[in-house]
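Descriptive structure summary
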Amino acid sequence: MAFWDNLWPGREAQFESGNAATNSIVLSRRHATVSLTKQGALTGNLRVNLSWRMRTSDIEGRSSQSGRLLRPLKLFKPEVVQAHTQGVVNVDLDLGCMYELTDGSKGVVQPLGNLIGDLNGPPYIRLSGDDRFGAPSGETVYVNLDHREQIKRLLFFVYIYDQTPAFDRTHAKVTLYPGNGPRIEIELDERAPEARSCAVFTVENIKDELIVRREVKFVYGFQSELDRLYGYGMQWGRGYKSRA
């Protein structure tokens, strides 16, 4: 790419290979897949992290703009509010993973029902904990890729637990941290104000190659609707969390 191409705001790079400044690969609609095999990320633990936050402008609309006009520099500094702050909307995002192993067994790892999984035994997936407040550390699921030959496919999803549907008010991002190679980022940036769940990405073992595919498909139901969409064929019932 010529130097002058960067000076024209309307010109775009031909390829989106990632963010060199942050050593990351960003999956988008145009570039939705990446091979963990080709990245050399086939051993150790794959860490999948959900992080999110809310902005006051998303909750309050433009009502506070008059005050900002008196302090014009604040126009360039959006006010970030962590989700545990008392506000108009209270949102609890959860990260989960449906799995199918090569022996045919299926299941789910998620905070709901305390289904935390097992890292050293089937399904070789484990949830680190349940973040109910949008803390900077977020929620993390680990996948033991040392047993990758026993994993047929995975579906990572995010859902809103028993609160107001407000995906469009959360700035949510799922980041994959392989044991080797750049991290992989997926933004949940599409408008779906009434959705309660989102299929974020899949991992499939195709001819001994692990392929990550961006999905970002919002649905208005919960896990059972995601199950029907991706054909896992499991039975679902109403679940609850213990009190914090």
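The paragraphs below set out a description of the structure included in this document. (Residues numbered from 1 in each chain as written. Predicted model: local features only at pLDDT ≥ 70, side-chain atom pairs only at ≥ 80, totals over all residues. Heavy atoms only, no water.)

With that out of the way, let us pick up the nonpolar core. Of all hydrophobic cores here, the largest spans 43 residues; its most connected members are Leu-154, Phe-156, Val-158, Phe-167, Leu-176, Leu-188 and Phe-201. Those residues in contact with Leu-154 that lie beyond four places of it in its chain are Cys-97, Met-98, Tyr-99, Ile-125, Val-143, Phe-201, Thr-202, Val-203 and Tyr-232. In terms of nonpolar packing, the next biggest core, distinct from the first, is built from 11 residues, Phe-157, Tyr-159, Val-219 and Leu-226 among them. (Core = buried A, V, L, I, M, F, W, Y, C linked by side-chain atoms within 4.5 Å. Buried < 20%, exposed > 50% of the residue type's maximum accessible area, 1.4 Å probe, protein only. Contact = heavy atoms within 4.5 Å.)

Time to look at the packing of aromatic side chains. Taken as a whole and judged by the stated rule, the model has 2 aromatic pairs. On the basis of an interplanar angle of 10° and a centroid distance of 4.7 Å, the ring pair of Phe-156 and Phe-201 is categorised as stacked. Separated by 45 residues along the polypeptide, Phe-156 in strand E11 (residues 151-160) and Phe-201 in strand E14 (residues 197-206) bring together distant segments of the chain. Residues Phe-156 and Phe-201 agree in their burial class; the two are buried. Residue placement shows Arg-153 over the ring face of Tyr-232; its charged tip is 3.8 Å from the ring centre. (Phe/Tyr/Trp six-rings, centres within 6.5 Å; stacked < 30°, edge-to-face > 60°. Helix = DSSP H or I, 4+ residues; strand = E, 2+ residues; numbered from the N terminus. Lys NZ or Arg CZ within 6 Å of the ring centre and 35° of its normal.)

Its location among the elements puts Asp-168 in the loop between E11 and strand E12 (173-177). Measuring from C-alpha to C-alpha, the distance between Asp-168 and Asp-189 comes to 7.5 Å, with 21 residues separating the pair along the chain. For Asp-168, the contacting residues outside a window of four places in its chain are Arg-191, Ala-192 and Pro-193.

Turning our attention to the pattern of salt bridges. Opposite charge on two side chains permits them to pair, given that their charged atoms come into close proximity. Tallied over the full model, the rule gives 4 salt bridges. One salt bridge in this structure joins Glu-100 and Lys-152, with 3.5 Å as the shortest N-O distance. With a gap of 52 residues between them, Glu-100 in strand E6 (residues 93-101) and Lys-152 in strand E11 connect regions that are remote in the sequence. For Lys-217, the salt bridge identified is with Glu-215, shortest N-O distance 3.5 Å. Taken together, the salt bridges that share partners define one network made up of Glu-100, Lys-152 and Arg-153. (Salt bridge = Lys/Arg side-chain N within 4 Å of Asp/Glu carboxyl O.)

The next subject is unusual backbone geometry. Residues Pro-122 and Pro-123 are joined by a peptide bond in cis, for which omega reads 10°. Relative to the assigned elements, Pro-123 resides in the loop between strand E8 (117-118) and strand E9 (125-127). The residue Tyr-124 is not glycine, and still its phi comes out positive at about 65°. Within the secondary structure layout, Tyr-124 lies in the loop between E8 and E9. Positive phi, normally seen in glycine, also occurs at Asp-208, with a value near 65°. Tracing the chain through its elements places Asp-208 in the loop between E14 and strand E15 (209-219). Under the relative-accessibility criterion, Asp-208 is labelled exposed at 70%.

Our focus in this paragraph is helix H3 (residues 223-230). If you check which residues of H3 are buried, you get Gln-223, Leu-226, Asp-227 and Tyr-230. Looking straight down H3, one finds that the buried residues subtend no more than 105° of arc, so they occupy a single side. Residues of H3 that are buried in the fold lie against E6, E11, E14 and E15. Positive phi shows up at Gly-231, right after H3, with a value of about 70°. (Arc of directions from axis to C-beta.)

Now for the sheet that holds strand E13 (residues 183-187). In spatial order, the strands read E1-E13-E12-E3-E10-E9-E8; together these 7 strands make up an open sheet with mixed pairing. Strands with a single pairing partner mark the edges of an open sheet, and in this sheet they are strand E1 (24-26) and E8. (Pairing = 2+ DSSP bridges.)

Such coordinate-based values are descriptive only and should not be taken to indicate function.
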